[in-house]
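Observations on the model geometry
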2 protein chains.
Amino acid sequence: MPSRVTAPRKVILVDIAQACGVSRATVSLVLRSSPLVSAQTRELVQGELKRQGYVYNRAAANLRRRSSTSIALVINDLSNPFFAEFAAGVDEALAAAGYVTLLGSTGESPERQHAVLASLIEHGPAGLIISPAEGSDGTRLSRLLGAETPVLVFNRELVGTSWDFLALDNAHGAALATEHLIALGHRRIAFFGGHVGSSSCRQRRLGFQQALAAAKLPIEPSWMVESAPTRLEAAAQAGALFARDPAPTAAVCYNDAVALGLMLGLVARGRSPGKDFALTGFDDIPEAAVTTPPLTTVAVDPRARGRQAAALILARIAGSRRTPKNTVAPVQLMIRHSTCPPPVV
Amino acid sequence: MPSRVTAPRKVILVDIAQACGVSRATVSLVLRSSPLVSAQTRELVQGELKRQGYVYNRAAANLRRRSSTSIALVINDLSNPFFAEFAAGVDEALAAAGYVTLLGSTGESPERQHAVLASLIEHGPAGLIISPAEGSDGTRLSRLLGAETPVLVFNRELVGTSWDFLALDNAHGAALATEHLIALGHRRIAFFGGHVGSSSCRQRRLGFQQALAAAKLPIEPSWMVESAPTRLEAAAQAGALFARDPAPTAAVCYNDAVALGLMLGLVARGRSPGKDFALTGFDDIPEAAVTTPPLTTVAVDPRARGRQAAALILARIAGSRRTPKNTVAPVQLMIRHSTCPPPVV
DNA sequence: GCGACGATTTGGATCGGTCTAAATCGCGAG
DNA sequence: CTCGCGATTTAGACCGATCCAAATCGTCGC
């Protein structure tokens with residue numbers, strides 16, 4: 001009979017206990033570095049742990065302790081550098097706090113989001129950070145997650161829920177960009193790109209309009225141009241700005257991707273962004289600093305937002321607070337060379 | 001006595017069993033949609049599950065079944081769009097297969113990588129996909145992970161290990177780029193950027209040199225310029241290409257970031273990339289298509305690589321294969337406008 | 001020499017599921 | 001009416017840790 005090669009059984013707590021001639025409870029205490037065990041047995045056990053290559057089974061421990069050391073992170077679009085950087089920040093801070101990140105990405109599909117969440121919560125995370133897919137149904141999410149799970153919503157408001165919310169200061173950022181253009185002398189300013197369906201777009205439009213109103217400038221509805229928040233779509237929509245005379249001399253763009261697309265569209269029409277047309281972005285993606293011309297934009301520091309989100313969910317898990325908390329993250333205008341004074345007529 | 005408000009205890013399997021007047025085993029069978037239970041009780045139980053808002057505790061189940069439904073994904077640099085896209089592909093494919101992704105990012109630090117891995121394996125993932133941090137010690141990782149864990153290494157070779165490995169066809173990609181430049185008429189071609197410490201850089205250099213040798217062109221050592229794989233570093237190193245006369249008329253760059261940096265450096269020196277100097281990148285990051293000029297580069301489709309990595313680790317977990325397997329992913333040359341013929345002297 | 005007391009150690013129940021083997025049910029055949 | 005058999009259902013051990021209450025140990029005071 002050929003000798004059967006069995007995979008060496010995993011080393012568990014009792015193996016260590018037996019090898020040391022102590023009880024499981026004692027080994028367990030050593031693992032959690034309890035002060036109860038004597039220095040002598042502690043060393044004995046620790047030596048054996050190393051010798052046998054023991055790995056702690058956190059799932060088993062968590063089962064008994066009814067606790068959890070993981071946090072779910074659900075991202076609408078990981079391939080967007082903004083969210084990737086956010087995720088990196090979250091993971092960095094969670095790891096530092098001893099948590100593990102359960103990742104889920106939804107590709108902006110509420111259906112996938114539902115499935116992903118259903119799967120993630122079965123793993124019993126201590127909390128959830130979610131950047132909702134566009135078109136998410138808050139009520140439906142509430143029902144799925146229950147009132148118990150600690151949740152932090154990032155970036156997009158989720159109406160019908162009472163969870164903590166970390167928002168960017170969209171209105172203020174757009175206002176800063178608009179004021180900068182006004183200060184340069186522009187009087188005909190467009191708002192370009194984004195879907196009004198998304199709350200972030202509505203907020204940025206609001207800030208834009210408030211800044212115009214504060215400067216007593218008119219808001220021309222045909223200069224509020226929608227487009228998908230992608231470079232390609234934005235480039236295709238550039239013409240919409242010049243459909244009528246007079247045309248705007250500057251545009252506040254929904255985000256950097258849209259701004260870069262608009263730049264392409266302008267160049268294609270013989271315009272020269274930063275020379276005869278001024279435009280601003282939003283996000284300050286790494287690319288923004290190195291385009292030609294470098295893009296004036298509103299920086300939001302996504303990695304820092306990630307760390308902040310981690311801190312907020314940990315605070316919520318610690319559970320001191322009771323009422324849901326809204327946090328607004330500051331933004332900063334980065335002035336580069338895509339913004340110039342209007343051409344003299 | 002004031003009525004104590006207790007958080008509603010989580011609904012567990014026995015709650016359902018009691019409410020239905022059946023045993024735990026029966027409920028368990030329903031949960032796993034076993035054909036053993038009668039249609040009648042199945043419906044009864046399923047109704048109760050929904051009514052009470054039961055959520056499955058996968059950790060408990062996995063404990064008994066000695067199985068796992070999570071896979072760890074360790075990434076050296078999530079803020080790099082290439083890896084972010086890769087991660088998105090992995091997560092997409094894993095989710096489709098019913099797995100959950102445990103994320104860890106290391107920021108290129110072997111120490112962090114060690115800590116992250118130690119923490120992740122305690123959660124008992126069924127397998128691990130790792131894109132190693134630069135300077136990882138394969139032997140050390142082997143010791144940490146043991147011989148049992150299914151592992152797929154991505155992108156960077158890990159010497160001293162016997163794990164599955166998914167590599168990009170670096171040599172071939174660099175050769176394609178080099179051949180393209182030669183076909184355009186270039187005779188003095190540099191290899192720019194990257195650290196020779198990294199295996200991907202060595203492989204790309206190799207392909208570059210083979211293509212030169214095949215065309216019977218000399219390899220000039222002073223035209224092999226190192227730099228950190230970042231835009232800024234690359235821009236700073238641009239001068240090294242023109243230190244001596246004659247200078248190269250074209251460069252194969254280690255990756256897109258380096259190529260974009262070199263473009264900046266060239267412009268700063270009064271050169272005009274795509275007009276009087278040709279250069280190629282590697283990766284085809286989204287930005288490459290929209291720079292001025294658009295960058296000729298080698299596309300590797302990171303999202304598809306992510307899906308492929310997921311498929312490979314799942315196959316390894318299924319365990320049919322025995323010997324470690326090396327997979328080389330194809331690459332594709334994307335010809336854009338950063339490559340031009342050499343200037344006529 | 002004995003009971004007390006602080007310092008350690010430990011048996012056994014427990015977390016929430018799954019597995020196995022055995023019990024129970026319903027019904028048609030003999 | 002009883003037996004046999006397939007279809008369902010179930011009791012109880014089990015996964016690998018933690019927790020609690022109780023046991024054990026050494027030694028110190030009287």
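Residues numbered from 1 in each chain as written. Chains lettered and ligands numbered in written order. Predicted model: local features only at pLDDT ≥ 70, side-chain atom pairs only at ≥ 80, totals over all residues.

1. A word on the relation of the copies chain A and chain B
- At an RMSD of 0.1 Å, chain A and chain B line up after a rotation of 180 degrees and a shift of 0.0 Å along the axis. Put plainly, the chains are arranged around a two-fold axis. Closest approach to the rotation axis among the C-alpha atoms of chain A is made by L102(A), whose C-alpha sits 2.4 Å away. (Least-squares fit on C-alpha atoms with pLDDT ≥ 70 in both.)

2. Focus on the sheet that holds strand β7 (residues 224–225) of chain A
Residues and elements named next belong to chain A.
- Spatial ordering of the open sheet is given by β7-β6-β8-β9, a layout of four strands whose pairing is parallel. Both edges of this open sheet fall to β7 and β9 (278–280), since each of them pairs with a single strand only.
- Bridge count for strand β8 (residues 250–253) against β9 is three bridges, and the pairing is parallel. By the bridge assignment, A251 is partnered in β9 with L279.
- Together, β6 (189–192), β8 and β9 form the strand contacts of helix α8 (residues 170–183), whose direction differs from that of β8 by roughly 170 degrees. (Pairing = 2+ DSSP bridges. Helix = DSSP H or I, 4+ residues; strand = E, 2+ residues; numbered from the N terminus. Contact = placed C-beta atoms within 7 Å. Axes fitted to C-alpha atoms, helices over the stretch in contact; angles between N-to-C directions.)

3. Structural notes on the interface of chain A and chain B
- Between chain A and chain B, the contact holds 42 residues from the first and 42 residues from the second.
- Ranked by the residues each element gives to the side of chain A that touches chain B, the list is headed by helix α5 (residues 81–96) of chain A, at eight residues.
- Both strand β2 (residues 100–105) of chain A and strand β2 (residues 100–105) of chain B contribute to a ladder of three bridges, which runs antiparallel. Across the sheet, T101(A) pairs through a bridge with L103(B), a residue of β2(B).

4. Overview of the nonpolar core
- Membership of the largest hydrophobic core comes to 167 residues, with the highest contact counts inside it found for L262(A) and L262(B).
- Contact partners of L262(B), with chain neighbours within four places excluded, come to F192(B), A234(B), A235(B), A238(B), A251(B), C253(B) and L279(B).
- Among the nonpolar cores identified, the runner-up in size contains seven residues, and L13(A), I16(A), V27(A) and V30(A) belong to it. (Core = buried A, V, L, I, M, F, W, Y, C linked by C-beta atoms within 7 Å. Buried ≥ 20, exposed ≤ 12 C-beta atoms within 10 Å, placed from the backbone.)

5. A few points about the protein's contact with DNA strand D
- In the vicinity of DNA strand D, 27 residues are found, and the nearest of them are I12(A), L13(A), S28(A), N57(A) and R64(B).
- Elements with a contribution of two residues or more to the surface near DNA strand D: α2 (24–31) and α4 (58–65) of chain A together with α2 (24–31) and α4 (58–65) of chain B.
- Broken down by element, the residue count for the surface near DNA strand D peaks at five residues, all from α4(A).
- Classifying every residue of the surface near DNA strand D gives 14 nonpolar, six polar and seven charged. (Near = placed C-beta within 6 Å. Nonpolar A, V, L, I, M, F, W, Y, C, P; charged D, E, K, R; others polar.)

6. So, the confidence of the model for chain A
- On average, residues of chain A score 93 in pLDDT, and 97% of them reach the 70 mark or higher.
- Confidence drops under a pLDDT of 50 for residues 1–5 of chain A, and excluding neighbours within four residues, the segment shows zero contacts in the predicted structure. (pLDDT = per-residue confidence, 0-100.)

7. Remarks on the environment of I317(A)
Residues and elements named next belong to chain A.
- Of note, I317 is situated in helix α12 (residues 302–318).
- For the pair I317 and T149, spaced 168 residues apart in the sequence, the C-alpha separation amounts to 8.7 Å.
- Those residues in contact with I317 that lie beyond four places of it in its chain are A126, G127 and P150.

8. Describing helix α9 (residues 199–214) of chain A
Residue and element names in this part refer to chain A.
- Its 16 residues give α9 an end-to-end C-alpha distance of 22 Å, which sits within 8% of 22 Å, the value for a rise of 1.5 Å per residue.
- Along α9, the positions that sit buried rather than exposed are S200, C201, R204, R205, G207, F208, A211 and L212. Down the axis of α9, the smallest arc covering the buried residues is 160 degrees, so these residues share one side. Opposite the packed face of α9, turned more than 90 degrees from it, sit the exposed residues A213 and A214. (Expected span 1.5 Å × (residues − 1). Arc of directions from axis to C-beta.)

9. Here we look at the protein's contact with DNA strand C
- Close contacts around DNA strand C come from 27 residues, with S23(A), R64(A), L13(B), S28(B) and R64(B) the closest.
- Sort the elements by how many residues they give to the surface near DNA strand C and α4(B) lands first, with five residues.
- Broken down by class, the residue content of the surface near DNA strand C amounts to 14 nonpolar, six polar and seven charged.

10. Considerations on the pairing of strand β8 (residues 250–253) of chain B
All names here are of chain B.
- Along β8, one buried face is formed by A250 and V252 and the opposite face, lined by A251 and C253, is buried too.
- With four bridges connecting them, strand β6 (residues 189–192) and β8 associate as parallel partners. Paired with A190 across the bridge in β8 is A251.

11. A closer look at the environment of L141(B)
Residue and element names in this part refer to chain B.
- Note on placement: L141 falls in helix α7 (residues 138–145).
- The exposure class assigned to L141 is buried, which follows from the 22 C-beta atoms found within 10 Å.
- Along the chain, L141 and L158 lie 17 residues apart, while their C-alpha atoms are 9.2 Å from each other.
- Sequence-distant contacts of L141, that is, excluding residues within four places in its chain, are made with S136, L158 and T161.

12. Remarks on the packing of α8(A) against α9(A)
All names here are of chain A.
- Two numbers describe how α8 lies on α9: the axes approach to 7 Å, and their chain directions differ by 40 degrees. The pairing of α8 with α9 is recorded here as oblique in orientation. Here the hand of the crossing between α8 and α9 comes out right-handed. On the side of α8, the interface is formed by N170, A171, H172, G173, A174, A175, T178, E179 and I182, while α9 contributes S200, Q203, R204, L206, G207, F208, Q210, A211 and L212.
- Split into classes, the residues belonging to the contact of α8 with α9 amount to eight nonpolar, eight polar and two charged. (Parallel < 35°, antiparallel > 145°, perpendicular 65-115°, else oblique. Left-handed = near helix turned anticlockwise from the far one by under 90°.)

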